[in-house]
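Here are the chains, one letter per residue:
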Amino acid sequence: LNTCLIFFIVNSIYAVIGSRLYRERLPQRFGRFSMSSITMLQIATWDSWTADVARPIIWGNDTDSMEFGSMFFFISYILIQSVILLNVVVAVLLEGFLGALSRQESNKQTMAAA
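All figures in this text were calculated on a predicted structure; none of them were measured in a lab.

Peer 1: Whenever I open this one, the packing of aromatic side chains confuses me. Can you help?
Peer 2: Note on aromatic pairs: each is described by the distance of the centres and the angle between the planes. Within the structure shown, the criterion is met by eight aromatic pairs. With 5.6 Å between their ring centres and 55° between their planes, Tyr22 and Phe30 make a pair best called tilted. Centre to centre, the rings of Trp46 and Trp49 are 6.4 Å apart; their planes meet at 75°, and the pair counts as edge-to-face. Residue Trp46 is classed as exposed on the basis of its relative accessible area, which comes to 52%. A network of ring pairs unites the aromatic residues Tyr14, Tyr22, Phe30, Trp46, Trp49, Phe73, Phe74 and Tyr77 as a single cluster.

Laid out in structure tokens, this is it:
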């Protein structure tokens, strides 16, 4: 539960920042907080975010220059959410599953011994 809460908080922080920075450039992705949150979730799950979200913002209409601030925004979000927090969520879920499996196995042994 705590890891999901941290994931939600980090996603919300980046959604607010994304809404402020990119509302005019990509209104269909960052026009409102709700759209921005879904866009950030799309980035966290690696769901075709480069072509739909990052490339139009980083490169814009000019392919000769790029915005390093935007690149830092997306890379830092990916490192925090996808690489670190999603692995923590998976580890917590796996630990819970293995704990339940262990309890079930010990219950079976107790029932067999009785």
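Here the narrative resumes.
Peer 1: Honestly, a nonpolar patch on the surface in this entry has me stumped. Any pointers?
Peer 2: A cluster of nonpolar side chains, contributed by Leu5, Phe8, Ile9, Ile13, Ile17 and Leu21, occupies part of the molecular surface with about 570 Å² of accessible area. Summarising the element assignment, Phe8 is placed in helix α1 (residues 2-22).

Reading the values: rules and limits
Sequence order as written defines the numbering, with residues in each chain counted from 1. Given that the model is predicted, a residue must reach a pLDDT of at least 70 before its local features are reported, and side-chain atom pairs must reach 80 or more before they are shown or counted; all residues, however, enter totals for whole chains, interfaces and linings. To obtain the side-chain values, all non-hydrogen atoms of the structure were used and water was disregarded. In this scheme Phe, Tyr and Trp rings, the latter by its six-membered ring, pair at centre separations within 6.5 Å, and the angle between planes marks the pair as stacked below 30 degrees, edge-to-face above 60, and tilted otherwise. Burial here depends on accessible area, computed with a 1.4 Å probe over protein chains only, as a share of the maximum for the residue type. Under 20% is buried, over 50% is exposed, and the range in between is partly exposed. Residues enter patches when their relative accessible area tops 30% and they take part in no salt bridge; the joining distance is 9 Å for like charges and 5 Å for the nonpolar side chains Val, Leu, Ile, Met, Phe, Trp and Tyr. Each accessible area value is a Shrake-Rupley result obtained with a 1.4 Å probe; residue values ignore everything except the protein chains displayed when judging cover. Each reported salt bridge corresponds to a side-chain nitrogen of Lys or Arg within 4 Å of a carboxyl oxygen of Asp or Glu. Helix and strand definitions here come from DSSP, where helices need a minimum of 4 consecutive H or I residues and strands a minimum of 2 consecutive E residues; each element is numbered from the N-terminal end.

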